[in-house]
Amino acid sequence: MSPEGWLPQPALLLTGLTLLLSLAPPRLGMEVMAPPIINALNGSSVKLSCTFNSCYKVENKQFSLNWTYQECSNCSEELFLQFRTKIMNKQLDRFGNRVEFTGNPAKYDVSFTLKNVQLEDEGTYNCYVLNPPDRHRGHGKISLKVLTKEPPKADSTVAVIVGASVGGFLAVVILVLMVVKCVRRKKQQRLNTDDQKTEEEGKTDGEGNPDEGTK
């Protein structure tokens, strides 16, 4: 089985549409992209993909990443992978040394590979990313399903063609929206900086020269 796991075609299209809708409004938070569902065969290796968009270059001293695992929706999150100037594998007992970071933050990729997948690995995997000067942390969520046997193969030629066409269109739209959003964000930051300078200058002018009052 491919290390990417099985990503159902409807889920792929839903992911693309979700990205499109999430990028439309001018938000302060970054966008994190992760497939909502991944199927993996018991005993195989699977890549849990998580990428993000940011208007700023990744600086290792400021960038932070947390991967957590949830066994159930009401269960507490367990931190197993972290980036603080460098990648740190927490090596939880449930995973041991089966977790390998395969992403590259400089390329906005924070994916990891889970080796020798077990039935107990089913659950929710949360990807949290913060890349200052972005002020809000991005969040991606993946539901991992572990299969005991490979599903029957079906002719997905039409689905692949449609998916590729829609995916290409979404990629162009997302790129345009990201450029527009980045321009707006940086313009707003410049305006905020100018307003702050003007306010400080106004306070200085209002204080006047203390020597003038004694003349």
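Keep in mind that what you see is a predicted model, and the values were worked out from it rather than measured. (Residues numbered from 1 in each chain as written. Predicted model: local features only at pLDDT ≥ 70, side-chain atom pairs only at ≥ 80, totals over all residues. Heavy atoms only, no water.)

(A) Local environment of the environment of Cys182. By the secondary structure assignment, Cys182 is in helix α2 (residues 157–207). A relative accessible area of 14% means that Cys182 is categorised as buried. In the structure, Cys182 is positioned 126 residues away from Tyr56 in sequence and 8.7 Å away in space, judged by C-alpha atoms. (Helix = DSSP H or I, 4+ residues; strand = E, 2+ residues; numbered from the N terminus. Buried < 20%, exposed > 50% of the residue type's maximum accessible area, 1.4 Å probe, protein only.)

(B) The arrangement of the packing of aromatic side chains in detail. Enumeration according to the criterion identifies twelve aromatic pairs in this entry. Between the aromatic rings of Trp67 and Phe80, the centroid separation amounts to 6.5 Å while the plane-to-plane angle is 35 degrees, which identifies the pairing as tilted. Remark: Phe80 occurs in strand β6 (residues 78–84) and Trp67 occurs in strand β5 (residues 64–70); sequence separation between them is 13 residues. Side by side, Trp67 and Phe80 carry an identical accessibility label, which is buried. Relative to Phe112, the ring of Trp67 lies with its centre 4.8 Å away and its plane at 75 degrees, an arrangement referred to as edge-to-face. Highlighted residues: Trp67 in strand β5 and Phe112 in strand β9 (residues 112–114), separated in sequence by 45 residues. Trp67 gets classed as buried once you look at its relative accessible area, which sits at 0%. These aromatic residues form a ring-pair network of at least three members: Trp67, Tyr69, Phe80, Phe95, Phe112 and Tyr125. (Phe/Tyr/Trp six-rings, centres within 6.5 Å; stacked < 30°, edge-to-face > 60°.)

So, to be careful, I would describe these as geometric facts and stop short of saying anything about function.
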